[in-house]
Amino acid sequence: MTEDVIRLLTPEGEFRAHPDYPIEVSPDLLRQLYRDIILTRRTDIESTALQRTGELGLWCPVLGQEGVQIGAAHAMRPSDYGFTTYRELGIFHVRGVDPVELLHLYRGTSHASWDPRRVGLGIFTIVIGSHALHSVGYAMGIQRDGADEAVLSCFGDGATSTGDVHEAMVFAAAFNAPVVFLVQNNQWAISVPVTRQTRAPLATRAAGYGIPSVRIDGNDVLAALGVTRVLLDRAREGGGPAFIEAVTYRRGPHTTSDDPTRYRDEAELDHWASLDPLDRLRRHMERVGALDPAFVAEVDAEADALGERLREAIRGMADPDPLGMFDHVYAEPHRQVTADRAAMADYLATVEGS
Amino acid sequence: MTSMTPTTSMTMVQALNAGLRRAMEGDPKVLLMGEDIGPLGGVFRVTDGLQKDFGEDRVIDSPLAESGIVGTAVGLAMRGYRPVLEIQFDGFVYPAFDQIVTMVAKHHYRSGGITPMPMVIRIPYGGGIGAVEHHSESPEAYFAHTPGLRVLTPADAAEAYVTIQQAIASDDPVIYFEPKRRYWDRAEVDEVSPISGNPWSSRVLRRGSDVTLVAYGPMVRTCLEAADAAAEDGVECSVIDLRSLSPLDLDPVVADVQGTGRCIVVHEAPVMLGMGAEVAAEVTRRCFFHLEAPVERVGGAYIPYPPNRFEQHYLPDVDRVLDAIDRVTAV
Ligand SMILES: Cc1ncc(C[n+]2csc(CCOP(=O)(O)OP(=O)(O)O)c2C)c(N)n1
Ligand SMILES: [Mg+2]
């Protein structure tokens, strides 16, 4: 990792204030962040286990990226809005998505999971880069409404190669849209290293669009919080778009279907494990005496309960009513859908009757 | 294939890999490009080992941009290369749709025949593997509807081995749809005989006197199984694999339906304006006085591909085909 990154917490857990990104670090804030990382990690581990036993079709592990996600999500106000990919469990958690709702998607019972209005997050996008444009359009709407809101637009290093992300930057700049792009550079797009997507640090791209950018240590939850908050505030106040490159690492496989031993070196993993965002936060909390054993035990118990709740909700969850697949294709009645639904109902009735 | 020709049992993935390898050995201008096709060998391992053997210049791990993959391949083709592209999943071809429809399909025409566009765009397609959104779609009709593109889809490993090489040898752009749920099915593959046969034609796989089943790609196996089941009930079905969706060779279908008087077209894609509509229209026109029943279509409902816990109901299966056989034979 180059030294030009913004870092408020050293890997040893020492806090170093930065003049451009002031942040008040209270014990309560630290405990909140600690709890969020522990709970996110527990959902992540449980979900992988549920996939392994066949309860989920797929899971996208987030291990290693919790720091940037949880920090950035805390920088959002409840009234702000976010657009994400599939690998943003930390953001989902902070915004109040119930992991059981989320796992419906990975179990294959529903395409819809949370209610976007309730958590202020658009439904996530698997088609890489697509939602960067939606973020900008949403931000243009905020601008036209004169609302005191901003948009956080999250995507990966791989996504920065897509035309949609490029066009999103063009539109954001052209209209001075209140949007902060947050790239989680986790070094890999499945098996393709970030060096195939870019020769220069991704953050430097923004300058070409006239968008200010910052490179942050993505394993530093405080840097993610401090920097994202300043840039969202700026966007809300009419300062326009900004771009954050969070330098981090995907320590798990791309998904539970992936086999990273085919393309990457285990030594890389050890290096990044030594920069773990939770360890770093823990070290800092120990230094400042914000990590008492009672609190640790309480969070662990909460995580255990969460794990149990997930297992219970997902294991053996009934398949949905087959006719449910015809719901919501259109907002208004549609002849073909209605006819196909009726034909399927008739067919199912004959199958059941036989 | 004579009985003396040695064959190898292969999955469709292995057969495609072997076919790509042979095409690359035979023509230094053949090169592969796509996401994750290098060290990973593609998410389905179709290109496994090819980068190691042919180098990074010929097996190119691309940046993450489908429009970029297809658009740069247009330039490579102009420069005399024969790019073979991998789109990772059906649902991710759309960023490249503009390049494919406006440029790839029309280039030969627009250049007055001076610049051919030899290019193969491989797309794993179809459902049945319990995947998440955008990983189970059947978009073949969009491409078959676009003049200038050829569209091929193999039904089994032996077909895949041969037709991928024929697609690469073609001077026209070929959209090559690989039925991903059949990737792990095995067949005997003849790697010895010279590649022969006309891929732009339908194949009659089974002859029966009562009903003609028409399918392609993943539904060919389903129809063969349905034909077996129907035979137990005394109904004899022909099964015809269209194989090429553009050009579309309906002569064998018409000839067969003139005998059976009954025709059922089966595909995973939505029935509405799918390939079955074209087949039904032409069969009805050309076999009008032979038909004993209306041409039936079995396929997807008019809904986006549903979450995978619905797919057993969404996808045509043997029972749905048998149900259609009951309908056409009841007339
Ligand atoms: C348009 C499109 N092409 C291909 C894919 C298949 N795919 C899924 S994730 C992925 C890599 C994404 O990398 P990155 O943007 O860095 O995000 P990360 O997975 O690392 O979080 C690819 C190629 C896709 N989902 N969408
Ligand atoms: Mg990445």
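Up top is the structure these notes are about.
Computed from a predicted model, the values in this text were never measured in an experiment.

Q: Explain the site of ligand 1 to me, please; I cannot follow it from the model alone.
A: The immediate surroundings of ligand 1 are formed by 19 residues, with Tyr-86, Arg-87, Ile-126 and Gly-158 of chain A together with Glu-66 of chain B found nearest. Proximal residues around ligand 1 fall on chains A and B, making this an inter-chain site. Here an oxygen atom of ligand 1 and a backbone polar atom of Ala-159 of chain A are 3.0 Å apart. Gln-88 of chain B places a polar side-chain atom, nitrogen or oxygen, 3.4 Å from a nitrogen atom of ligand 1.

Q: It is not clear to me how the packing of aromatic side chains should be interpreted in this structure. Could you clarify?
A: Residue and element names in this part refer to chain B. Within this structure, the stated rule accounts for 26 aromatic pairs over all chains. Between the aromatic rings of Tyr-94 and Phe-97, the centroid separation amounts to 6.2 Å while the plane-to-plane angle is 65°, which identifies the pairing as edge-to-face. Pairing Phe-288 with Phe-289 gives two aromatic rings, centres 5.2 Å apart and planes at 85°, and the pair type is edge-to-face. Exposure remark for Phe-288: the relative accessible area of 51% places this residue in the exposed category. Taken together, Tyr-94, Phe-97, Tyr-125, Tyr-142, Phe-143 and Phe-177 form an aromatic cluster joined through their ring pairs. Over the aromatic face of Trp-200 sits the side chain of Arg-150, whose NZ or CZ is 4.6 Å from the ring centroid.

Q: Looking at this structure, how should I read the interface of chain A and chain B?
A: When the parts come together, some accessible area is lost, and that loss is often what is quoted as the size of the interface. The interface of chain A with chain B comprises 42 residues on the first partner and 35 residues on the second. Buried surface at the junction of chain A and chain B, summed over both partners, amounts to about 3,400 Å²; 64% is from carbon and sulfur atoms. Ranking the residues of chain A by area buried against chain B places His-111, Arg-262 and Met-325 of chain A at the top, with a combined share of 20%. Run the count over chain A and chain B and you get two salt bridges. For Asp-319 of chain A, the salt bridge goes to Arg-309 of chain B, with nearest N and O atoms at 3.4 Å. Looking at the side of chain A that touches chain B, the elements with two or more residues in it are α4 (99–107) and α13 (335–353) of chain A. Top contributing element to the side of chain A that touches chain B by residue count: α13 of chain A, with six residues. Partitioned by chemical class, the residues of the side of chain A that touches chain B number 20 nonpolar, 13 polar and nine charged.

Q: Explain the coordination of the magnesium ion (ligand 2) to me, please; I cannot follow it from the model alone.
A: When a metal holds four donors in a tetrahedron, each ideal angle between them is 109.5 degrees; when it holds six in an octahedron, the ideal angles are 90 or 180 degrees. Residue and element names in this part refer to chain A. Here the magnesium ion (ligand 2) is held by the protein donor atoms Asp-157 (OD), Asn-186 (OD1) and Trp-188 (O), which lie 2.1 Å from it. Expressed as a motif, the donor residue spacing for the magnesium ion (ligand 2) is D-x28-N-x1-W. Here the residue Asp-157 occupies a position in the loop between β2 (151–156) and α7 (163–175), and Asn-186 occupies one in the loop between β3 (179–185) and β4 (188–189), the gap between them amounting to 29 residues. We note that Asp-157, like Asn-186, is buried.

Parameters at a glance
Residues numbered from 1 in each chain as written. Chains lettered and ligands numbered in written order. Predicted model: local features only at pLDDT ≥ 70, side-chain atom pairs only at ≥ 80, totals over all residues. Heavy atoms only, no water. Near = heavy atom within 4 Å. Polar contact = N/O pair within 3.5 Å; in protein donor to acceptor, adjacent residues only side chain to side chain. Phe/Tyr/Trp six-rings, centres within 6.5 Å; stacked < 30°, edge-to-face > 60°. Buried < 20%, exposed > 50% of the residue type's maximum accessible area, 1.4 Å probe, protein only. Lys NZ or Arg CZ within 6 Å of the ring centre and 35° of its normal. Contact = heavy atoms within 4.5 Å. Buried area = accessible area lost by both parts, 1.4 Å probe. Salt bridge = Lys/Arg side-chain N within 4 Å of Asp/Glu carboxyl O. Helix = DSSP H or I, 4+ residues; strand = E, 2+ residues; numbered from the N terminus. Nonpolar A, V, L, I, M, F, W, Y, C, P; charged D, E, K, R; others polar. Donors = N, O, S within 2.8 Å, 3.2 Å for Na, K, Ca; no water.

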